[in-house]
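# Geometric and topological summary
Listed below are the residues making up each chain.
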Amino acid sequence: MNGEGNTEKLTYKQKRFVQEYCTNPENWLDEEKAYRAAYGGGKHAKKSAKTLMEKPEIRKAVADCLAEAQDGRDLRNRHVILHVLETIIRTNPADLFTDDGSLRPVSSLGERAHCIASVIPGAGGKAVGTLVPKIKAIELYAKYLNLVRTEAPQVNILPVVEVVPKSGSAEEWNGESGGQ
């Protein structure tokens, strides 16, 4: 669908409208701006855009395009989150501090700055930093990879089909008889 949603039955300008409405950050979810971008504007752009959005095929194409765009955003966001977790896991905390124990300038840390939870000004103009808990990042990453189960495993228990009444004595119940 290439960012246009389900557009087989749409005209070129209708496809352009859907694309502008769903993917262009300047026109995103703004009917009038998307209409002006696709059709060139005019004094009746607001009314024409509203009429266009009432068409079932346009609504379907917009819904498809937004769902496709959201899937792409979700995939990109998942990649970013995993990259941040990997950075936290792989960073040696000693690389974040100078020899005297103060925090290196955050601007010099690059991606390793993700490891810092907070920065507090310290004595003598030196910054003191607290780090993101590495074990929490490892835990989240392991859960994502399904290496850790958050639920107890289910144990299959055979159901009781029937309870047959027996004598009240323990010996008879266990098959022991006094006369044998």
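Notes on the structure follow. (Residues numbered from 1 in each chain as written. Predicted model: local features only at pLDDT ≥ 70, side-chain atom pairs only at ≥ 80, totals over all residues. Heavy atoms only, no water.)

### Considering the nonpolar core
Judged by nonpolar contacts, the single largest core of 16 residues is most densely connected at Phe 17, Val 18, Tyr 21, Ile 58 and Val 62. Sorting the residues of this core by element identifies helix H1 (12–23), helix H2 (31–39), helix H3 (45–53) and helix H4 (56–90) as the ones contributing at least two each. The next biggest cluster of nonpolar side chains, apart from the first, holds eleven residues, and it includes Phe 97, Cys 115, Ala 137 and Tyr 141. (Core = buried A, V, L, I, M, F, W, Y, C linked by side-chain atoms within 4.5 Å. Buried < 20%, exposed > 50% of the residue type's maximum accessible area, 1.4 Å probe, protein only. Helix = DSSP H or I, 4+ residues; strand = E, 2+ residues; numbered from the N terminus.)

### Points about unusual backbone geometry
Here the phi dihedral of Leu 29 falls at roughly 55°; this positive angle occurs in a residue that is not glycine. Mapping Leu 29 onto the fold places it in the loop between H1 and H2. Residues other than glycine seldom take positive phi values, yet Asn 146 does so here, at roughly 60°. Relative to the elements of secondary structure, Asn 146 occurs in the loop between helix H5 (134–144) and helix H6 (170–173).

### Some words on a nonpolar patch on the surface
Nonpolar side chains collect at one region of the surface, where Tyr 144, Leu 145, Leu 147 and Val 148 lie side by side and expose about 390 Å² of accessible area between them. Relative to the helices and strands, Leu 145 is located in the loop between H5 and H6. For Leu 145, a relative accessible area of 42% gives the class partly exposed. (Patch = residues over 30% accessible without salt bridge, like charges linked within 9 Å, V, L, I, M, F, W, Y side chains within 5 Å. Areas by Shrake-Rupley, 256 points an atom, 1.4 Å probe, with all protein chains shown as cover. Salt bridge = Lys/Arg side-chain N within 4 Å of Asp/Glu carboxyl O.)

### Some details on the packing of H2 against H3
Where H2 meets H3, the axes come as close as 8 Å, and the angle between the chain directions of the two elements is 95°. Considered as vectors, H2 and H3 are oriented roughly perpendicular to each other. Packed against H2, whose contacting residues are Glu 31, Glu 32, Tyr 35, Arg 36 and Tyr 39, the element H3 presents Ala 45, Lys 46, Ser 48, Ala 49, Lys 50, Leu 52 and Met 53 at the interface. Tallied by class, the residues present in the contact of H2 with H3 amount to six nonpolar, one polar and five charged. (Axes fitted to C-alpha atoms, helices over the stretch in contact; angles between N-to-C directions. Parallel < 35°, antiparallel > 145°, perpendicular 65-115°, else oblique. Contact = heavy atoms within 4.5 Å. Nonpolar A, V, L, I, M, F, W, Y, C, P; charged D, E, K, R; others polar.)

### Observations concerning the pairing of strand E1 (residues 116–121)
Summarising the sheet, E1 and strand E2 (residues 127–131) pair through five bridges and their orientation is antiparallel. The partner of Ile 116 across the bridge, within E2, is Leu 131. What sits between E1 and E2 in their antiparallel hairpin is a turn of five residues, with Gly 124 showing a positive phi close to 70°. (Pairing = 2+ DSSP bridges.)

### What to know about the side chain of Glu 20
For Glu 20, the location among the structural elements is in helix H1. Of the residues examined, Glu 20 reaches a relative accessible area of 11% and is grouped as buried. Excluding residues that lie within four positions of it along the chain, Glu 20 makes contacts with Asn 27, Trp 28, Ala 34 and Ala 37.

### Focus on H1
Within an α-helix, residues lying three or four positions from one another point in the same direction, as the helix has 3.6 residues per turn. Compared with the 16 Å implied by 1.5 Å per residue over twelve residues, the 16 Å span of H1 between its first and last C-alpha is a close match. Taken together, the buried positions of H1 are Gln 14, Phe 17, Val 18, Glu 20, Tyr 21 and Cys 22. Among the structural elements, H2, H3 and H4 are those in contact with the buried residues of H1. (Expected span 1.5 Å × (residues − 1).)

### What to know about the packing of aromatic side chains
Each pair of aromatic rings is reported with the distance of its centres and the angle of its planes. Across all of its chains, the model carries two aromatic pairs by this definition. Judged by centre distance (5.9 Å) and plane angle (20°), the rings of Phe 17 and Tyr 21 are stacked. With a gap of four residues between them, Phe 17 and Tyr 21 both fall in helix H1, about one helical turn apart. Note on Tyr 35 and Tyr 39: the rings are 4.4 Å apart at their centroids and 15° apart in plane angle, and the pair reads as stacked. Within this pair, Tyr 35 and its partner Tyr 39 are both found in helix H2, separated by four residues, close to a single helical turn. The class for Tyr 35 is buried, based on a relative accessible area of 13%. (Phe/Tyr/Trp six-rings, centres within 6.5 Å; stacked < 30°, edge-to-face > 60°.)

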